[in-house]
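Geometric and topological summary
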Amino acid sequence: MAKYVLSGFSHDMVESKHYTTDVKKISEDEFNNEQEDALYVMGNPAFARLFHVPCIKKFITLKKGDIALVVGTEGGKLDYNARSLPDNLSLKFRRVEIVEEEA
């Protein structure tokens with residue numbers, strides 16, 4: 001099992017068509033607790049700057065048991081050149097777990 005922090009998620013990242021996703025909204029506190037042992041793969045440079053991590057534009061493949069902690073914004077889109085979170089935006093967090101598809 002691997003755990004990632006991502007600035008975006010696509011079902012194309014899931015390794016097999018036999019797997020599905022279990023998606024839950026989580027709080028910032030839950031995100032902070034879970035992200036400690038996660039690998040950051042932030043393809044959006046603005047999010048990378050917000051979290052003080054390198055911008056890594058790499059396609060990853062999620063397998064059964066993997067978890068993606070996905071960071072997004074509420075209230076609008078974060079500008080690619082942003083160096084901080086504008087007052088009109090807030091962060092939102094989702095936890096995506098890759099699970100076996102039920103028959």
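Refer to the structure presented above.
Residues numbered from 1 in each chain as written. Predicted model: local features only at pLDDT ≥ 70, side-chain atom pairs only at ≥ 80, totals over all residues. Heavy atoms only, no water.

1. Focus: the overall build of the protein chain
The cut-off we apply is this: A run of DSSP states H or I qualifies as a helix once it reaches four residues; a run of E qualifies as a strand once it reaches two. Both are numbered from the N-terminal end. Only the C-alpha atoms count toward the radius of gyration. The rule for a globule is 2.2 Å times the residue count to the power 0.38. In this analysis, two residues are considered to be in contact whenever any of their non-hydrogen atoms come within 4.5 Å of each other. In short, Shrake-Rupley with a 1.4 Å probe defines the accessible areas, and a residue's cover is counted only from the protein chains shown.
Per the secondary structure count, the protein chain includes two helices and five strands. Taking 2.2 N^0.38 as the reference for a compact globule, 103 residues should give roughly 13 Å; the C-alpha atoms of the protein chain span a radius of gyration of 14 Å, in line with that estimate. With the C-alpha coordinates of the protein chain rotated into their principal frame, the extents come out at 45 × 25 × 25 Å. Counting only contacts in the protein chain whose residues sit at least 6 apart along the sequence, the fraction spanning at least 24 positions is 72%. When the accessible surface of the protein chain is totalled, it reaches about 6,500 Å², and 46% of it is carbon and sulfur.

2. Notes on the packing of aromatic side chains
Formally: Centres within 6.5 Å are what make two rings of Phe, Tyr or Trp a pair, Trp counting through its six-membered ring; a difference in plane orientation under 30 degrees is then read as stacked, over 60 as edge-to-face, and the rest as tilted. Throughout this description, buried means an accessible area under 20% of the type-specific maximum (1.4 Å probe, protein chains only), exposed means over 50%, and partly exposed covers the range between.
Taken as a whole and assessed by the stated rule, the structure comprises three aromatic pairs. When the centroid spacing of 4.6 Å and the interplanar angle of 25° are considered together, the rings of F31 and F93 count as stacked. You can see F31 sitting in helix α1 (residues 28-35) and its partner F93 sitting in strand β5 (residues 90-100), a full 62 residues away along the chain. F93 matches F31 in its accessibility class, with the two residues each being buried. When the centroid spacing of 6.1 Å and the interplanar angle of 45° are considered together, the rings of Y40 and F51 count as tilted.

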